[in-house]
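# Understanding the architecture of this molecule
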Amino acid sequence: MNNDFPPPMILWFRRDLRLADNPALCFACEQNQPIIPVYVWSPEEDGVWQIGEASRWWLHQSLEQLNKSLFILAQGSQQSLTPLIIRLGDSLVALSKLIAETGASTVCWNRLYEPVIYERDRLVERKLRSNGVLVKTFKAGLLYEPWAIKTKSNIPFKVFTPFWKKSLQFVPSLPPRPRPSQIQLSHQKVQSLTVKSLELLSDINWYSNIQKYWQPGEVAAKQKLDIFLDSTLLAYDENRDFPDQTGTSLLSAYLHFGEISPKQIWHAIMQKERKGGTGDLSTGKSAYLRQISWREFAHHVLFNFPYTETRPLDFEFLEFPWQHDKNMLRSWQEGRTGYPIVDAGMRQLWQMGWIHNRVRMVVASFFVKHLQLHWKYGAEWFWGTLVDADLANNTLGWQWVTECGASGAPYYRIFNPILQGTKFDANGNYIRQYVPEIAQLPNEYIHQPWLAPSTLLTNLGIKLGRTYPEPIIEHNFARERALRVYKHFRNRR
């Protein structure tokens, strides 16, 4: 350690992989201390929800992009350049060792709120402070602290709409912080692993399709936001439910990894409306801001009811009579249920690491209502295959559609996959993209291939049960069974 320089400060990156509107980074840059940026790879500390394969691919790319951004930010400084330090293992051990190596006097980071991680961070904070280290933490990934918004009775919300209305009283008025103009990195030579050495990428190159669709990183996140504001926001409320259109922002993965903040998005939308000066964006704006608030609500629920990480919010659903059919599960995972809109969604998920929100609801409802499979197995599959896999959102979404969580869908809301297809993919464009074996069917049969005349199927080379599956369960039977089971379950409660 060189005594000619003030002690360095450790900046602990987690899921805040950006330079703009990064409170911990801004704080570090405002101090008269050299900075050591560090990322600690410690998946075991995530508990039962260790990061999935698709998200590992995204994380690999995002860490590489952050490293490049830090190099660029430090180019104007006179000190030797230190890259993003990569460490592996227990976070407290890794940080303590780095402090011992460098003489760092301060550690700062942006808060995370998943139950296991939040408790881990509290332990790290206590231990570091007991050793004389100054610790500073900041809110960066949410608009509101998950404990900040309560009912009139001062208890956490379990229903979204009143949460949304109450949250509007706390909308942040200050604009997001710009990226610092320069970062003063430490002169010290600090041992570091490489991103590649973390082995985040699977030996089976299954993500080769995913990388055709995405460019992780802060720069790409800003580009996505700009495109959304300029081309999509105005008609967001009208187009967001149609999976064959670019009607959504595609920002969910960037939000999860902190390559863009909800505050940046909220502020940009509000600024966009003011610049327009006509209020034309009000419908699309309100609809999209509700989605941002839904994300906040998800983290609010998970933080205040931490058991929902693995169990339903409604404890009585622990006794629900789920089916156990591995063949049904596999057919759903592979997109071979015989229902084109469901199969298109599951194949989009596998190819793109992402699935359109309307179709997410359709495939999830099919899973728990038609197939009567336990929601946790659907949540686990999404967790491993989504690039935007977020524990709070994933948990809330699956429990919502199951009716066992916050703001749960009523038990009689059973998405009809045929009607959902005809309503939101009327011309079959989405289905044809992901289910090419039935792409030649005319619109009147694209959502129900089993109704097509046998001569038409023969002429098109479609053999139901061979080139494309028959429905694995009949819709009317599945619907009546779900209604009967749910009603009986509710009546006995």
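Coordinates for the structure precede this section.
Presented here is an overview of the structure given in this document. (Residues numbered from 1 in each chain as written. Predicted model: local features only at pLDDT ≥ 70, side-chain atom pairs only at ≥ 80, totals over all residues. Heavy atoms only, no water.)

### Observations regarding the pattern of salt bridges
Oppositely charged side chains can pair when the atoms bearing their charge come close. Stated precisely, the cut-off is as follows: By definition, a salt bridge exists where a carboxyl oxygen of Asp or Glu is found within 4 Å of a side-chain nitrogen of Lys or Arg. Accessibility here uses a 1.4 Å probe with only protein chains present; expressed as a share of the type maximum, an area under 20% marks a residue as buried, one over 50% as exposed, and anything in between as partly exposed. The secondary structure listing takes helices from DSSP runs of H or I that are at least 4 residues long and strands from runs of E that are at least 2 residues long, numbered from the N terminus.
Summed over all chains, the structure comprises 16 salt bridges. Between R120 and D121 there is a salt bridge; the shortest N-O distance is 2.6 Å. For the pair R120 and D121, a shared accessibility class is recorded, and that class is buried. Across the salt bridge formed by E125 and R129, the nearest N and O atoms sit 2.7 Å from each other. Of this pair, E125 and R129 both sit in helix α4 (residues 115-130), four residues apart, roughly one helical turn. Take E125: its relative accessible area is 19%, and that puts it in the buried class. The network of salt bridges with common partners includes R14, E45, R120 and D121.

### Here's the deal with unusual backbone geometry
One non-glycine residue, L250, adopts positive backbone phi at about 60 degrees. L250 sits in the buried class, given a relative accessible area of 19%.

### Here we look at the nonpolar core
Our working definition: Joining through side-chain atoms within 4.5 Å is the link that ties buried Ala, Val, Leu, Ile, Met, Phe, Trp, Tyr and Cys residues into a set, and such a set is a nonpolar core. A contact between two residues is defined here by any heavy atoms of the two lying within 4.5 Å.
W214, W332 and W398 are the most contacted members of the largest nonpolar core, which totals 134 residues. At nine residues, helix α2 (residues 53-74) tops the list of elements feeding residues into this core. The contacts of W332, once residues within four sequence positions are left out, are T337, V342, M346, V363, F366, F367, L371, G378, W381, F382 and W398. Among the nonpolar cores identified, the runner-up in size contains 18 residues, and I36, V40, A94 and I99 belong to it.

### Points about empty space enclosed by the protein
In this approach the atoms are scanned with a rolling probe the size of a water molecule, which exposes any empty space left behind. For the record, the criterion: The pocket and cavity definitions rest on a 1 Å grid over protein atoms only: a 1.4 Å probe that fits but cannot leave marks a cavity, an open set with protein on both sides within 12 Å along at least five of seven lines marks a pocket, and residues lining either have an atom within 4 Å of a point. Grid points are joined across faces, edges and corners, and a volume is the space filled by probe spheres set on the points. Three classes are used, and their members are as follows: Ala, Val, Leu, Ile, Met, Phe, Trp, Tyr, Cys and Pro are nonpolar, Asp, Glu, Lys and Arg are charged, and the others, Gly among them, are polar.
Under the defined criterion, the tally for this structure stands at four cavities of 30 Å³ or more. What the largest cavity holds in volume is close to 410 Å³. Elements with a minimum of two residues in the lining of the largest cavity: β1 (9-13), β2 (35-41), α2 and α4. In terms of residue class, the lining of the largest cavity is built from 16 nonpolar, five polar and seven charged. Of the pockets and cavities examined, the second largest cavity occupies roughly 150 Å³. Elements represented by at least two residues in the lining of the second largest cavity include exactly α8 (252-256) and α10 (282-304). The residue makeup of the lining of the second largest cavity, split by class, is five nonpolar, four polar and seven charged.

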